[in-house]
Structure formats: C-alpha cells, structure tokens
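Letter by letter, the chains look like this.
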Amino acid sequence: MAGDTRSGTYAQVFRVVEFRALWCSVVLSRGGGELARVALALLTFQRTGSPAVTALVYALTSLPAIVGGSFLGVLADRYPRRTVLTVCAYLRAILVLFVAIPGIPLPVLCALVFVIQAIDAPAKAAQMALLPDILNSSLYPLGVAAVALTNQIVSLVAFPVGGVLVAITGPNNALLVTAGAFAGMGLIARLGLQHRPAAQSEGAGRGSGFRGGWQLIMGSPPLRNLIAAAMLAGFYVTPEALAAPYAASLGMGSAQVGLLLAAIPVGNVLGVFLYTRWVPSEARLRWLGPLAVVSSLPLVFSALHPGFVVSMILWVLVGMLSAYQVTANTEFVRIVPKDRRGQALGLASALLISSQGLGMLLGGLLADRVGVAEAIAVFGAVGCLVGLFPAIGWHRARRGLTSSEPSTVAD
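Note that the structure is a prediction, hence the values are computed from the model and not measured.

Thresholds, definitions, all that
- Residues numbered from 1 in each chain as written.
- Predicted model: local features only at pLDDT ≥ 70, side-chain atom pairs only at ≥ 80, totals over all residues.
- Heavy atoms only, no water.
- Phe/Tyr/Trp six-rings, centres within 6.5 Å; stacked < 30°, edge-to-face > 60°.
- Helix = DSSP H or I, 4+ residues; strand = E, 2+ residues; numbered from the N terminus.
- Buried < 20%, exposed > 50% of the residue type's maximum accessible area, 1.4 Å probe, protein only.
- Lys NZ or Arg CZ within 6 Å of the ring centre and 35° of its normal.
- Salt bridge = Lys/Arg side-chain N within 4 Å of Asp/Glu carboxyl O.
- Core = buried A, V, L, I, M, F, W, Y, C linked by side-chain atoms within 4.5 Å.
- Contact = heavy atoms within 4.5 Å.
- Expected span 1.5 Å × (residues − 1).
- Axes fitted to C-alpha atoms, helices over the stretch in contact; angles between N-to-C directions.
- Parallel < 35°, antiparallel > 145°, perpendicular 65-115°, else oblique.
- Left-handed = near helix turned anticlockwise from the far one by under 90°.
- Nonpolar A, V, L, I, M, F, W, Y, C, P; charged D, E, K, R; others polar.

It is worth spelling out the packing of aromatic side chains at this point. By the definition in use, this model includes five aromatic pairs. Aromatic pair Y10 and F273: ring centres 5.8 Å apart, planes at 15°, arrangement stacked. With Y10 in helix 1 (residues 10-14) and F273 in helix 16 (residues 254-278), the pair connects residues that are 263 residues apart, well separated along the chain. By relative accessible area, Y10 is classed as buried at 13%. The class of F273 is partly exposed, set by a relative accessible area of 37%. In textbook terms, an aromatic cluster arises when at least three aromatic residues are bridged by ring pairs, as seen for F14, F19 and W23. Positioned over the ring face of F182 is R92, at 4.0 Å from the centre of the ring.

Moving on: the pattern of salt bridges. Enumeration over the complete set of coordinates arrives at 10 salt bridges. When the shortest N-O distance is used, the salt bridge between E34 and R30 registers 3.6 Å. Here R30 and E34 lie together in helix 2 (residues 17-48), a separation of four residues that amounts to about one turn. The class of R30 is partly exposed, set by a relative accessible area of 28%. Through salt bridges with shared partners, a single ionic network connects D77, R81, D133, K338 and R341.

The next thing to look at is the nonpolar core. Among the nonpolar cores identified, the biggest contains 86 residues, and L85, L131, W315 and F332 are the most heavily contacted of them. Apart from residues no more than four positions distant in its own chain, L131 is found in contact with F19, L22, Y140, G143, V144 and V147.

Attention shifts here to helix 19 (residues 324-335). The terminal C-alpha atoms of helix 19, which comprises 12 residues, lie 17 Å apart, in line with the 16 Å expected from a rise of 1.5 Å per residue. With 11 of 12 residues buried, helix 19 is to be regarded as a mostly interior element.

With that settled, the discussion passes to the packing of helix 9 (residues 140-169) against helix 19. For the pair helix 9 and helix 19, interaxial distance at closest approach is 9 Å and the crossing angle is 125°. With respect to helix 19, the element helix 9 is oriented oblique. Viewed along their axes, helix 9 and helix 19 form a crossing whose handedness is right-handed. Residues Y140, P141, V144, A145 and A148 of helix 9 form the contact with helix 19, whose participating residues are V326, N329, T330, V333 and R334. Residues belonging to the contact of helix 9 with helix 19 are distributed by class as follows: seven nonpolar, two polar and one charged.

Following this line, the structure appears as structure tokens:
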C-alpha cells in the first residue's frame, strides 16, 4: 500500500528535479496538443467550409489514442522510457511542421493528425510509468495528483488562449508554436530525466500488445476493479457532450455553455487538490469505492429541471466527487509490475477514452428520445448502480494487497 502522504506536500514534490522536468514535459505536451486541436479545427473549416469534415479532423485528435494506447503503450516497457518520451516528442514536432505546410492535401493532413496523436499514447504511458521511479512512496500519490491537476488546468487555459492565438497569428503559425512546444518537450525530457534501462527486454517472454495487456488487467482483481471504477467516467462526462442543448433548454446562450463545460473540470481541480492534500492515503483507498458509486449522483437531480446556477453547482460537485480517479490511477500504476507499466497504462487509457466516447454518443441518442435533462438524470442513476460492482470488487480485492509485495497481485 502506498505510504501515507499526510507529511508530504506539493512543494516537496516539486523540489525533486526530475519531477520538475517531467512536469514541464506534461505541460508542453498537453498545451501543444490542445493548441493543435484549435488550430486544426479552424484550418480545416477555412479550407473546406464543411462542418462535417471539420468534426472528422477534430475527432482524429482523440480516436488515435485508443489505437495507440492499445498497441503502442508496450513501447514504454520495451525501450528506455526517457528515450520513448524524447523520440515521440521530436516525431510529433516534425509531423506538425508538415501539417503546417500551406495547401497540404486534406487526406495527407488527416493521416498526419492520426499518426501524431497515436504516438502520443506511448509518450503518456512513459510519463506515468516513470513517476514511481522518480518519486518515493510518500510523494508518489501527490505526484500523480499534480500531473492530473496540471492536465485539467492546462486544458481549461489552452482552449481560450489557443483561440486568441489562432485568431491573431492564423492556424498555420499556431501550428508552428505547437511544433516548438513538442520540440521543447523532447529537449527537456532528454536533459532533465535520468537514463534508465528498458523495463522489459525484447525476449522477456511476457504478453505484449493488446492481448497481453488485457490478460494482465483482467487476470488481476485489483486492476480489473480499478479500471472499471475509472471507466465510470463514461457516465458522468455525458453532460459535457450535452452542454449546448442543455443550456438551450434553460433559455441560456453560448456564454452559459462555456461555463457549463468548465464546471466539471473546475470541480475536479478543486476536488483533487483537497482530496490529495488533506485526506490520508489510507482513507483515500477506503473511499475510492464509495466515491466511485456517488460520482454520478448529482446528475440525477437534473430530472427536477433545476435552473442554471443549481445545475452549475451540481456539475461542479460531480467534478469534485470524481477526484477518486487520482487514487485509482495511483494504485493501478503501483500494482502493475514495473516491466509492464507502459503496456497496462496504454490499454487503460484506451479503455477510459472509449468509455467516455461511448457515454457521450449514447447520451446524445437518449437525449433525442427522452429530453436532455432526463437523459443526464438517467446516466447519473445508471452510473451509481453500475458503480456498485467495481466498488464492491475493489473492497474485496484490497484485502489481498500488502505493502511488502505490491506487484505480486498482477503477476
């Protein structure tokens, strides 16, 4: 079991030189990726004038993570993780430069975007797999929380700032900034992280790829229930996909849509900070299951058709309750054998993104039939019911975990 972090602080985490380097790489990766999304959407719409094609290109910034996570995460085990981070960052920078070429054929642009996002998956797996090596057991949970908080904050800031930057410089020049961010990420990883040998040799004889990762996760009750708890996000992210029609049903405009979209991420930032800073690690492990169950509960009150302010409060509360995801992430990495972290994290990321995408899709279909508020309430109620299964499973699986043998449960 991870050490109690009551004596640890975020200041102590950031005093670790390697963590600062890793954190900078996270900022540049997330910021560059979000800026690229804005620039690509506007560039595609300018060139085609088609909302459908624009939506397709935007989707290509998310869908490859499923493929990359499922099949490329193992690269973070087969090769030194610093090398994986560095190479992926430089490759993304070079490919973005090609995307920024004026007049590049649209099919080529789409193919490049797909590859750029696919190779981000092993880089993210390497980032998270390195954290337990960089931080000791007492600081590691706070390090995971710091990365999660950073990703949320950068996303909140990057979209409006990116929109302004693209408006001022144009999408092609904004893509050059993105390429610079990725190149900077590679340089920081190369100079700021220690070289460590590959966690897994080519002939290690352990399962690789999607099948090996699936067997690893499904064969371990703790891992299986942790990933199931994480995938409950597919229920409580549904409001984000329905924010525009929900605001319209309340008689609100685009400004309120933006506020609704920010509500869950803002709540999550607040919840993660409070949860990881003031709640002891042992209590976080006990509360993981109950919080997973009730994370969607505030959405049930949408059936009462509350006004805008109450809806904002409810959505912020959803974000705060979802802070359990940080503990699930922390324990998942801790339990997975060191030489298979990249593989497991890649597949876990793919499963999480898939669950969120499916939740948004099904939420939209249900909203067309029963109404937006009612669909959100249904997803909230079903999320609570489904959450009972991983919560109970995690409670039982925890009994087999010990601090002295953290990886044996996953072997």
